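# Residue-level structure breakdown
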Amino acid sequence: MSLSGLLTPAAIALAMLSVALLLAFVRLARGPSLPDRVIALDLVSILAAAIAATYAIAAEDAVFLDVAIVLALISFLGTVAFARFVERQGFNE
Amino acid sequence: MNEILSSALLMIGATFALLAGVGVLRMPDLFMRMQASTKASTLGIGCIVGAVAIHFSELAITTRALATMLFVFLTAPVAAHMIARAAYFVGVPLWEGTIIDELRGQYDRRTHRLARPDDPYAVLPMTVDLNRLAGHVVIVGYGRVGRRIGTALMANAISIVVVDDNREIVEKLRANDVSAVFGNASEPSVLIQAHLHQARILVIAVPDTVDVRRMVEMARTVNPNIETVVRTHRDFGLTALENDISGKVFLGEHELAVAMTRYVLERYASNAINGSN
């Protein structure tokens, strides 16, 4: 099992994830309503977790998987908090 | 072998994540964006984390990877549902191409709960003969006018489905083996229950106190080709209403006047023949 052998698919995966991250940021900036931005943010954090997991493969260091776990957790909590806020307050756009 | 498998999973996961990003950008509506982003990204991160587990092939790492996958699979749908519900409730606009909004009017504004009771009178029972639900006439309102129309149509062997917002009337009709749906006919879900999309004619026999125009609009979204026969008692806006629908508008007072005039004219004619005037 060689390092460079697995680096290439990981590099491609990282590139695709970065493009997805960029697209999600565009939606974050553009989204006409608050829930749009919340969804974009949720996607950004999940993608960040995915990037961390992919990097765990690329760097052959499993500790990055813990980063992914924490990011997934935070993403969920953040989205739920936003959802409660939106429902209680309404939103002004 | 491990390498190939984990590379493949990695590629699949990254593809789905990319699709999630594309979807969240390109979809025209908040809810469609949410569908794309949450579903695809959950699968994407699941596959990538699975690739990590296979790549390292150690028990500790595999356990953590499985825990991550389980956690994401359990929590991402919950989060998506919560934000979707909040967004719908707050009134985020749906895509213009939306034909039917099934949830409209179903939310209790105060308690924020979906107020859809399991009401047997709101849905047609499964035992209704399907032949009666095609090319039929939907009658909205079974009061003084609707009742006469309904009885006459049934006497002519035309199958009808009645929509009324009075439960007792619906109960009585069902007891007499007439298909009836309980609900407000300006809700598309009620019209769908009455199988409006397969009906031939819609008869609106409620007086103008109910919002007839809204009913007509809803009926048209459910079935654009339906012919509508409308009862009204208002002189105002007749031509607008007639242009809106394909069918006929009946002004109650006008029809009464016509019928009474005909009778009076006949009486005059017969009096003239009898020589007294």
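This is a predicted model, so every value here is computed, not measured.

## Structural notes on the nonpolar core
Leu47 of chain A together with Leu10, Leu30, Phe31, Met34, Ile45 and Val52 of chain B are the most contacted members of the largest nonpolar core, which has 54 residues in total. The set of elements that each furnish at least two residues to this core consists of α1 (3-30), α2 (34-58) and α3 (64-89) of chain A together with α1 (2-26), α2 (30-56) and α3 (59-90) of chain B. Ranked by residue count, the leading element in this core is α2 of chain A, at 14 residues. In contact with Leu30 of chain B, other than residues within four places in its own chain, are Pro35, Asp36 and Ile39 of chain A together with Ala87 and Val92 of chain B.

## Description of helix α4 (residues 144-155) of chain B
Taking 1.5 Å of rise per residue, 12 residues should cover 16 Å, and α4 of chain B covers 17 Å from first to last C-alpha, within 8% of that figure. Just beyond α4 of chain B, the residue with positive phi is Ala157 of chain B, at close to 60 degrees.

## Focus: the sheet that holds strand β2 (residues 160-164) of chain B
Residues and elements named next belong to chain B. Within the open sheet, the 6 strands sit side by side as β3-β2-β1-β4-β5-β6. Their pairing is parallel. Unpaired on one side and paired on the other, β3 (179-182) and β6 (247-251) mark the two borders of the sheet. For this sheet, the mean inter-axis angle between neighbouring strands, taken without regard to orientation, is 15 degrees. Bridge count for β2 against β3 is 4 bridges, and the pairing is parallel. Paired with Val161 across the bridge in β3 is Ser179. Where helix α7 (residues 212-222) meets the sheet, it contacts β1 (137-140), β4 (201-204) and β5 (227-232), and its direction lies at approximately 165 degrees from that of β4.

## Things to note about the interface of chain A and chain B
Listed per partner, the contact involves 49 residues of chain A and 46 residues of chain B. Buried area between chain A and chain B, summed over both chains or domains, comes out near 4100 Å², and the portion from carbon and sulfur atoms is 80%. Between Asp66 of chain A and Arg64 of chain B there is a salt bridge, with the nearest N and O atoms lying 2.5 Å from each other. At the boundary of chain A and chain B, one finds 6 residue pairs in polar contact (both at pLDDT 80 or more). Looking at the side of chain A that touches chain B, the elements that each hand over two or more residues are α1, α2 and α3 of chain A. Grouping the amino acids of the side of chain A that touches chain B by side-chain chemistry returns 35 nonpolar, 6 polar and 8 charged.

## Section: α2 of chain A
All names here are of chain A. Compared with the 36 Å implied by 1.5 Å per residue over 25 residues, the 36 Å span of α2 between its first and last C-alpha is a close match. Extensive coverage of α2 is indicated by the burial of 20 of its 25 residues. One or two positions beyond α2, positive phi appears at Glu60, with a value near 55 degrees.

## A look at the side chain of Thr68 of chain B
For Thr68 of chain B, the location among the structural elements is in helix α3. Apart from residues no more than four positions distant in its own chain, Thr68 of chain B is found in contact with Ile69 of chain A together with Val49 of chain B.

## A few points about the confidence of the model for chain B
Chain-level statistics for chain B give a pLDDT mean of 85 and a share of 90% at 70 or above. Under the prediction, the complex receives an ipTM of 0.88, its pTM being 0.61.

## Here's the deal with the environment of Glu171 of chain B
Among the structural elements, Glu171 of chain B can be located in helix α5 (residues 167-175). Between the C-alpha atom of Glu171 of chain B and that of Val181 of chain B, which follows or precedes it by 10 residues, the distance is 9.3 Å.

## Description of the pattern of salt bridges
As enumerated under the stated definition, the model contains 3 salt bridges over all chains in all. Measuring nitrogen to oxygen at the nearest pair gives 3.3 Å for the salt bridge that ties Arg85 of chain B to Glu87 of chain A. Taken as a pair, Arg85 of chain B in helix α3 and Glu87 of chain A in helix α3 lie in two separate chains rather than in one. The partly exposed category is assigned to Arg85 of chain B, whose relative accessible area is 24%. Take Glu87 of chain A: its relative accessible area is 13%, and that puts it in the buried class.

## With respect to the packing of α2 of chain B against α3 of chain B
All names here are of chain B. Interhelical geometry of α2 versus α3 gives an angle of 175 degrees and a closest axis separation of 9 Å. Taken together, α2 and α3 sit at an angle that is classed as roughly antiparallel. Its residues placed into classes, the contact of α2 with α3 shows 19 nonpolar, 6 polar and no charged.

About the cut-offs
For every chain, the first residue of the written sequence is number 1, and numbering continues from 1 along that sequence. By the order in which they are written, chains take letters starting at A while ligands take numbers starting at 1. Only residues with pLDDT of at least 70 are given local features in this predicted model, and only at 80 or more are side-chain atom pairs given and counted; all residues enter the totals for whole chains, interfaces and linings. The basis for every side-chain value is the complete set of heavy atoms in the structure, and neither hydrogens nor water enter the calculation. Residue types Ala, Val, Leu, Ile, Met, Phe, Trp, Tyr and Cys, when buried and joined through side-chain atoms within 4.5 Å, form a set referred to as a nonpolar core. Each residue is assigned to one of three classes by its accessible area relative to the maximum for its type, calculated with a 1.4 Å probe on protein chains only: buried under 20%, partly exposed between the two thresholds, exposed over 50%. A run of H or I in DSSP becomes a helix once it reaches four residues, and a run of E becomes a strand once it reaches two; helices and strands are each numbered from the N terminus. Contacts are assigned to residue pairs with any non-hydrogen atoms lying within 4.5 Å of each other. Multiply 1.5 Å by the residue count of a helix minus one, and that product is the helix's expected span. We treat two strands as partners when DSSP finds at least two bridges between them. Interaxial angle, 0 to 180 degrees, is taken between N-to-C directions of lines fitted to C-alpha atoms, where a helix line uses only the stretch in contact. Buried area is understood as the total, over both parts, of accessible area removed when two parts are fitted together, assessed with a 1.4 Å probe. Each reported salt bridge corresponds to a side-chain nitrogen of Lys or Arg within 4 Å of a carboxyl oxygen of Asp or Glu. As used in this structure description, the phrase polar contact means that two N or O atoms lie within 3.5 Å; if the pair is within protein, one of them must be able to donate a hydrogen and the other to accept it, and residues adjacent in sequence are counted only when both atoms belong to side chains. Amino acid classes used here: Ala, Val, Leu, Ile, Met, Phe, Trp, Tyr, Cys and Pro are nonpolar; Asp, Glu, Lys and Arg are charged; the rest, including Gly, are polar. One number per residue, pLDDT, summarises how confident the predictor is, and it ranges from 0 to 100. Orientation labels follow simple angle bins: below 35 degrees gives roughly parallel, above 145 gives roughly antiparallel, 65 to 115 gives roughly perpendicular, and whatever is left gives oblique.

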